[in-house]
Amino acid sequence: MPSIYLPVEIRLMIIQALVDDGCSLAPFAAVSRDWSAIIEQHTFKRIRLTPPRIAELNAMTSRNRARVRSLWLCLELERYNCTGKCDCGYDDLFFCTSSREDALIQTALQDLFSALSTWKANGSSLSLDISVYSTSDSERWFRHLTFSPDELPKKASRIQGDRQTTVRANNIAAGNGRFGWQPKIVRGEVPPSCAIDKAFTKIMFRAMLEDEDDEWQNKWWRQLPLVPAVTHLLLRQQTRRRWMPQTLEEMIARMPGLRELHYEPWREWDDMMQEYTDDGR
């Protein structure tokens with residue numbers, strides 16, 4: 001069968017339609033080199049990273065690094081149970097991430113910054129979007145929570161939202177294993193304080209409380225390599241957990257090429273604590 005030549009404009013329209021429908025573009029990359037070149041612009045434009053995938057980042061983007069415009073770092077924390085007395089499983093410091101969670105976050109950031117330190121600032125934009133969450137957040141008290149990238153086609157966004165709703169419904173119907181989620185919440189029922197504390201914990205705050213050296217976290221950040229390629233930092237409100245002001249200061253200092261900060265903070269639950277936060281404490 002003779003091949004049919006399609007103008008670049010038509011190919012771009014077809015690919016955009018596939019993207020808008022949330023279809024995978026990978027099968028179409030094998031059509032020809034021309035198709036592959038166009039599709040790679042989409043497949044490498046936005047990359048979702050989890051801690052295990054960070055080690056593959058540089059190898060994965062070795063040929064197409066110039067096409068990368070957005071990195072979405074997804075840091076999934078431990079699951080917990082928050083019915084009844086909110087037995088979260090490790091200790092009574094509900095208002096900050098656990099020691100194991102701190103280790104996960106620190107290791108992921110260390111690995112990511114080490115990888116990105118080799119990326120050159122070539123004048124193009126590169127955004128870093130960081131989400132910190134637990135899948136348990138949306139399974140009981142905060143069922144409206146969804147996690148999605150900053151930019152997603154409308155139809156793909158709807159499909160992803162439907163899938164997340166279905167997963168949550170299945171988990172609730174099945175009792176969600178050993179966590180024993182209650183299937184029904186009475187309208188107007190107020191979440192217990194520990195449930196709020198778990199969803200709005202302070203990130204990497206535990207070590208600051210437990211370490212006698214007040215400069216511990218500052219020293220930790222300052223040993224990370226600089227990442228000049230990052231030009232935009234996104235810390236969106238879909239992450240309920242909160243970054244401390246001094247943490248943000250140190251994080252931003254490691255990004256000398258930063259041109260834009262998109263930060264959506266949550267208000268403290270207590271007015272006195274809000275005053276401390278506003279003062280950068």
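We now turn to the structure provided with this report. (Residues numbered from 1 in each chain as written. Predicted model: local features only at pLDDT ≥ 70, side-chain atom pairs only at ≥ 80, totals over all residues. Heavy atoms only, no water.)

## Considering the sheet that holds strand β4 (residues 232-235)
Phase 1: Strand order across the open sheet formed by 5 strands is β1-β2-β3-β4-β5, with parallel pairing between neighbours. On the outer flanks of this sheet lie β1 (46-49) and β5 (260-263), each paired with one strand and no other. Neighbour-to-neighbour, the strand axes of this sheet turn through a mean angle of 15°, independent of strand direction.
Phase 2: Bridge count between strand β2 (residues 70-76) and strand β3 (residues 127-133): 7 bridges; the pairing is parallel. (Pairing = 2+ DSSP bridges. Helix = DSSP H or I, 4+ residues; strand = E, 2+ residues; numbered from the N terminus. Axes fitted to C-alpha atoms, helices over the stretch in contact; angles between N-to-C directions.)

## Examining the pattern of salt bridges
Phase 1: The full count for this structure, using the stated rule, is 4 salt bridges.
Phase 2: Across the salt bridge formed by Arg 100 and Glu 78, the nearest N and O atoms sit 2.4 Å from each other. Within this pair, whereas Arg 100 is found in helix α4 (residues 99-116), its partner Glu 78 is found in the loop between β2 and α4, the two being separated by 22 residues in sequence.
Phase 3: Assessed through its relative accessible area of 53%, Arg 100 is described here as exposed. (Salt bridge = Lys/Arg side-chain N within 4 Å of Asp/Glu carboxyl O. Buried < 20%, exposed > 50% of the residue type's maximum accessible area, 1.4 Å probe, protein only.)

## Structural notes on the pairing of β4
Phase 1: Along β4, one buried face is formed by His 232 and Leu 234 and the opposite face, lined by Leu 233 and Leu 235, is buried too.
Phase 2: With 3 bridges connecting them, β3 and β4 associate as parallel partners. Of the residues in β4, the one forming a bridge with Asp 129 is Leu 234.
Phase 3: Bridge count between β4 and β5: 4 bridges; the pairing is parallel. For His 232, the partnering residue across the bridge sits in β5 and is Glu 260.

## Looking at the side chain of Arg 254
Phase 1: Here Arg 254 lies in the loop between α9 (245-253) and β5.
Phase 2: No salt bridge forms around the buried Arg 254; measuring N to O, its nearest opposite-charge neighbour Glu 250 is 5.9 Å away.
Phase 3: Among the polar contacts made by the side chain of Arg 254, one reaches the main-chain carbonyl oxygen of Trp 221 at a distance of 3.5 Å.
Phase 4: There is a polar contact of 2.6 Å between the side chain of Arg 254 and the backbone oxygen of Leu 224.
Phase 5: Among all residues touching Arg 254, those that are not within four sequence positions of it are Phe 113, Trp 221, Arg 222, Leu 224, Pro 225, Leu 226 and Val 227. (Lys, Arg positive; Asp, Glu negative; His and termini not counted. Polar contact = N/O pair within 3.5 Å; in protein donor to acceptor, adjacent residues only side chain to side chain. Contact = heavy atoms within 4.5 Å.)

## Overview of α4
Phase 1: Here α4 contains 18 residues, and its C-alpha end-to-end distance of 26 Å stays within 8% of the 26 Å for a straight helix at 1.5 Å per residue.
Phase 2: If you check which residues of α4 are buried, you get Glu 101, Asp 102, Ile 105, Gln 106, Ala 108, Leu 109, Leu 112, Phe 113, Ala 115 and Leu 116. (Expected span 1.5 Å × (residues − 1).)

## Comments concerning the nonpolar core
Phase 1: Leu 57, Leu 71, Leu 73, Leu 109, Leu 128 and Ile 130 are the most contacted members of the largest nonpolar core, which totals 36 residues.
Phase 2: Looking at this core, the elements that each hand over two or more residues are β1, β2, α4, β3, α8 (216-222), β4 and α9.
Phase 3: Contacts of Ile 130, omitting those with residues within four sequence positions, involve Leu 73, Leu 75, Leu 109, Leu 233, Leu 234, Leu 235, Thr 239, Trp 243 and Met 251.
Phase 4: Among the nonpolar cores identified, the runner-up in size contains 7 residues, and Trp 141, Phe 142, Leu 145 and Ile 196 belong to it. (Core = buried A, V, L, I, M, F, W, Y, C linked by side-chain atoms within 4.5 Å.)

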